[in-house]
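Single-letter residue listing:
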Amino acid sequence: MAPPLLLRPVSLLFALFFTGSASAAEVSARGTIETVGRVGENRYYTPANQMLTPAGIQVDLPGLRPQAIALSPDGRLLVTSGKTAEIVVLAPASGKILQRVPFPATPRITGEKNLSDKPAISPTAQLEEKSGEPLGTQIKPDTGAQLSFTGLVFSPDGARVYVSNVNGDIKVFSVDRERGVAPLTTLPLPEVRGKRKADIPSGISVSEDGKRLYVALNLGNRLAEIDAANGELLRMWDVGVAPYDVALAGGKVYVSNWGGRRPGRGDITGPAGRGTVVRVDSVRGIASEGSVSVIDLKTASVTTEILTGLHASALAVSPNQRYVIAANAGSDTISVIEVKSDRLIENILVRDTPADLFSATPDAVAFDKTGKRIFVCNATQNAVGIVRFEPIEHDSKLVGSIPVGWFPGGVVFEPTTKSICVANIKGLGSHRVGKVTDKPGKPSETGQNSKDYFGLLSIVPLPDEKGLAEYSRAVALNMRQGLVEAAKMPPRQDQPPRVVPERSGEPSPIKHVIYIIKENRTYDQILGDVPRGKGAPALCTFGAKITPNQHKLVDEFVLLDNAYCSGVQSADGHQWTDSAITTDYVEREHAGWPRSYPNLKTGDAMDALAYSPAGFLWDNCLAHGVSIRNFGEACVSDCAWTDKNKKGKPSWRDFYLDFVAGTHQTRLHSKVGISALGAISELDTVGWDLNIPDVCRAARFIGALRQWEADGAMPQLIVMTLPNDHTGGTAPGHPTPAAQVADNDLALGQIVEALSHGKYWSDTVLFALEDDPQNGWDHISGYRSTVYVASGYARRNTVVSTQYNTTSVIRTIELMLGLPPMNIMDASATPMSDCFAEAPNLAPFDAVPAQQPLDELGAEPKKIANPQLRKDAVVSSKLPLAEADRCPEDVLNRILWRAMKGTHIPYPAWAVDKTADID
């Protein structure tokens, strides 16, 4: 547990960071060379530009993503739960952890009277059972029990605790007279209509007498009334789309609906996970409503549905029971509903001004004891906002903010000590405590894998007016308000062209940008063997022999050894690469991905609730007249034989041999996953599909490039997916990991070569980055990854150690093409000016032939002499590698390590979180 944070003098805070009054040029120049992670006492850099300096007492929760928090009625116990099958019990005054209580077991067979004491078999154990041999991993057994989006409450008498479980039940705990907490029982939930699957519970509220539970059934769009003693289903009501939270007031139940009203005939809809649909806007295909349903318990009827802002989520009731407030995470507002009339009487803005960019993401709310203040978790600002609540005058206002951990998602007020207790979902990011080492004898506090989750609870005494002003300044500095303000500045007249202009709309010699999104590698895995950079050769699994073109790119242009992915896996990674931000929905879906895995790559991955209300990069282009062409991103593979009468699907070998021979027996084709992409996408190529060689994707792009050169009409922005560095294990008949990474490397080299020898080289920049770095380790940070820059204007043979991340790439693209930022994250990003020279060097890039055969396929297990590699081939054949991120990550990582390093070099067990999840 960290000590309380003392209020720091304003002068010190301003010395650490820049001020909001700095000019755009001054602010832009102040990039840092500090690494992501801990950089000082109570100072942590996130891989999304922002600094964390959490106030108050910090309670470390390694391995946990705390998604909800609750205070007992007597104020003596604080509980939280998240991405582990337990609740954590704390003393609210000190933050001392009193207990870690495992979830009560789930009956293995429906209708069993006695609860089984055996945990559910983990995916890893199932694979071991199939292969007949252990996988040599120490993954903690997955009990199948995890918190859902939210849902953690005490009964009114404090004798029970109820927790929503993503797998379709309510976990119940007892609290004895000595305040000891113990697992009690599990209450089942009804199946979703038309599907033999229990519904997904979300928010819970308990009746005043403690006898009934009101549970939001998030997938079935219903509210359930349940007997708290035996779990009997008493009544159900239809509500809106993806009901989130529940509150009781005035004899009525209020239910927030993430997706607003249910679609009616003629409404424009989009997917919302598990076959459900949601209303979307007609231009961008993004969820377009939020609402609150009201149920009168006396008449047992839904009396009204009140439209609020987007992503209506957390609810709170004022102490006098006169008002219900709803946090609108997608609109940066709080809606105030008068209980007597069920009218929306006020929308409270929780960012500074209506003209500001999307920047707050309010996802949790609580009142103080007087009802005169509201505490709101502004998740994207890593802060708790304090709102002066004056509903009668309609003059409620945000009066200040307190810095807490990364992405706060739950808040309660403890009246005895007058403290704000906050559950920070992302906490400190990829982080560890203890004597974990990145190299023998060298201590490290940074996670080596992006899934080294490290949640955090913040307990902050309510500050006085002066203290709140100090905290508010710290929040502004932490979120780099100077750059956000600079991003609003209009272009100046008579500015000289700069490769990266200081302001959007100012001239640049760059007229075209190619933006390539790759998959799942860390810096050390690819470039750890480059002596000039900060690499760990021992962790380099796909070095110069496998990736000669990527090595040549960093030799001839810039080597970025302090660049990071903002996301941790594909579900949030592609939101970052395409939107420069993630939503509350995506961050809460980490609790088992119960609705969807919204990675923008496969058919079931499209989920309009996951998309940022501020829009995608392509929406930004279309809105501002910037021409764009998309090659595979957010598209669904529809590849097949050219001859429709030919049965079965082509294999990787079929596609590759057809490509090499040029016989056109196979067909590359995609369907757009988001309607807005229809008019701007090349559909004769493909995005995510590991059956398609990346050199095929490169050839499609190069063909289009040659046509643009002939026509003189190259689009200003090209977005492209090159996914095969993800790899597919060592399954028989599938390309080996070395072959797939070499294929990806050659494809990138061929694209840069074609560009550099062509008509548009003098005014084009190519950026290539990974969507996430999850399938590997890095000795500096689990977020650190590769970013490549190629251009006639790129600096030559230079190491750039300025800290950049995914949003830096997007902000640089926006400045080059005259686009405004979309949200606070790209507005606050450091532009990549250090990567470019003032004068061009137009020497072309020549691709290096692959030194690894691209058609090297995994052998049949019986032909593999080494027992461990034979076992890996068997397991690989059973892994769901055709689907994005569905296989146990540590299992795949170990297979890749042995495939590349051999079995004689020990797996870097120090780099593995033994309790890592297996999304």
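Now for a look at the structure at hand. Because the structure is a prediction, the values reported are computed rather than measured.

We now examine the environment of L755. Structurally, L755 is set in helix α13 (residues 737-756). Relative accessible area serves as the criterion here: at 1%, L755 is assigned to the buried category. For the pair L755 and I514, spaced 241 residues apart in sequence, the C-alpha to C-alpha distance is 9.7 Å. When sequence neighbours within four positions are dropped, the list of residues in contact with L755 reads I514, L705, M714, W761, T764 and L766.

The topology assignment puts I864 in the loop between α15 (824-827) and α16 (867-878). Contacts of I864, omitting those with residues within four sequence positions, involve A859, L869, R870 and A873.

Right, let's get into the side chain of S756. Take S756: it is sitting in helix α13. Of the polar contacts made by the side chain of S756, one reaches the backbone nitrogen of F845; its length is 2.9 Å. In this structure, S756 is in contact with W761, P844 and F845, ignoring residues within four places of it in sequence.

Before going further, it helps to spend a moment on the environment of R322. When you line up the elements, R322 lands in the loop between β24 (312-317) and β25 (323-328). Note on R322: relative accessible area 52%, which makes it exposed. The contacts of R322, once residues within four sequence positions are left out, are I337, E338 and V339.

With that out of the way, let us pick up the sheet that holds strand β6 (residues 68-71). As summarised here, the arrangement of the four strands in space is β6-β7-β8-β9, forming an open sheet in which the pairing is antiparallel. Every other strand in the sheet has two partners, leaving β6 and β9 (97-102) as the edge strands with one partner each. Recorded for the sheet is a direction-independent mean angle of 20 degrees between the axes of neighbouring strands.

Strands pair in a sheet through their backbones, by hydrogen bonds, and they do so in one of two ways: parallel or antiparallel. Read from one edge of the open sheet, three strands run β2-β3-β4, paired in antiparallel fashion. On the outer flanks of this sheet lie β2 (37-40) and β4 (51-52), each paired with one strand and no other. For strand β3 (residues 43-45) and β4, the ladder comprises two bridges, and the chain directions are antiparallel. Bridging across to β4, Y44 finds its partner in L52.

Turning next to the packing of aromatic side chains. Aromatic rings considered in pairs are described by the distance between their centres and by the relative angle of their planes. As enumerated under the stated definition, the model contains 22 aromatic pairs in all. Considering the side-chain rings of F631 and W708, the 6.2 Å spacing of their centres and the 85 degrees angle between planes classify their relative orientation as edge-to-face. Linking F631 in strand β40 (residues 628-631) with W708 in helix α12 (residues 694-711), this pair joins segments that are 77 residues apart in sequence. The burial state of F631 is the same as that of W708; both residues are buried. An angle of 10 degrees between the planes, with centres 4.9 Å apart, marks the rings of W652 and Y656 as stacked. Note that W652 and Y656 are positioned in helix α11 (residues 652-661) at a spacing of four residues, about one turn of the helix. Judged by its relative accessible area of 3%, W652 is buried. Through a chain of ring-to-ring contacts, the aromatic side chains of F149, Y244, W258 and Y585 assemble into a single cluster. One residue, K601, lies across the ring of W688, its end atom 4.1 Å from the ring centre. Taking NZ or CZ as reference, K646 lies 3.7 Å from the ring centre of W641, over its face.

As for its position among the elements, T522 is in the loop between β37 (512-518) and α6 (523-527). Separated by 2.8 Å, the side chain of T522 and the backbone oxygen of W777 make a polar contact. If sequence neighbours within four positions are ignored, T522 has contacts with P773, G776, W777, D778, R784, S785 and T786.

Turning next to the pattern of salt bridges. Scanning the entire structure with this criterion turns up 41 salt bridges. For D74, the salt bridge goes to R179, with nearest N and O atoms at 3.3 Å. Pair noted here: D74 is in the loop between β6 and β7 (78-81) and R179 is in the loop between β12 (169-175) and β13 (181-188), with a separation of 105 residues, a long-range link. R179 sits in the partly exposed class, given a relative accessible area of 28%. Between E390 and R388 there is a salt bridge, with the nearest N and O atoms lying 3.3 Å from each other. Take E390: its relative accessible area is 26%, and that puts it in the partly exposed class.

Calculation criteria
- Residues numbered from 1 in each chain as written.
- Predicted model: local features only at pLDDT ≥ 70, side-chain atom pairs only at ≥ 80, totals over all residues.
- Heavy atoms only, no water.
- Helix = DSSP H or I, 4+ residues; strand = E, 2+ residues; numbered from the N terminus.
- Buried < 20%, exposed > 50% of the residue type's maximum accessible area, 1.4 Å probe, protein only.
- Contact = heavy atoms within 4.5 Å.
- Polar contact = N/O pair within 3.5 Å; in protein donor to acceptor, adjacent residues only side chain to side chain.
- Pairing = 2+ DSSP bridges.
- Axes fitted to C-alpha atoms, helices over the stretch in contact; angles between N-to-C directions.
- Phe/Tyr/Trp six-rings, centres within 6.5 Å; stacked < 30°, edge-to-face > 60°.
- Lys NZ or Arg CZ within 6 Å of the ring centre and 35° of its normal.
- Salt bridge = Lys/Arg side-chain N within 4 Å of Asp/Glu carboxyl O.

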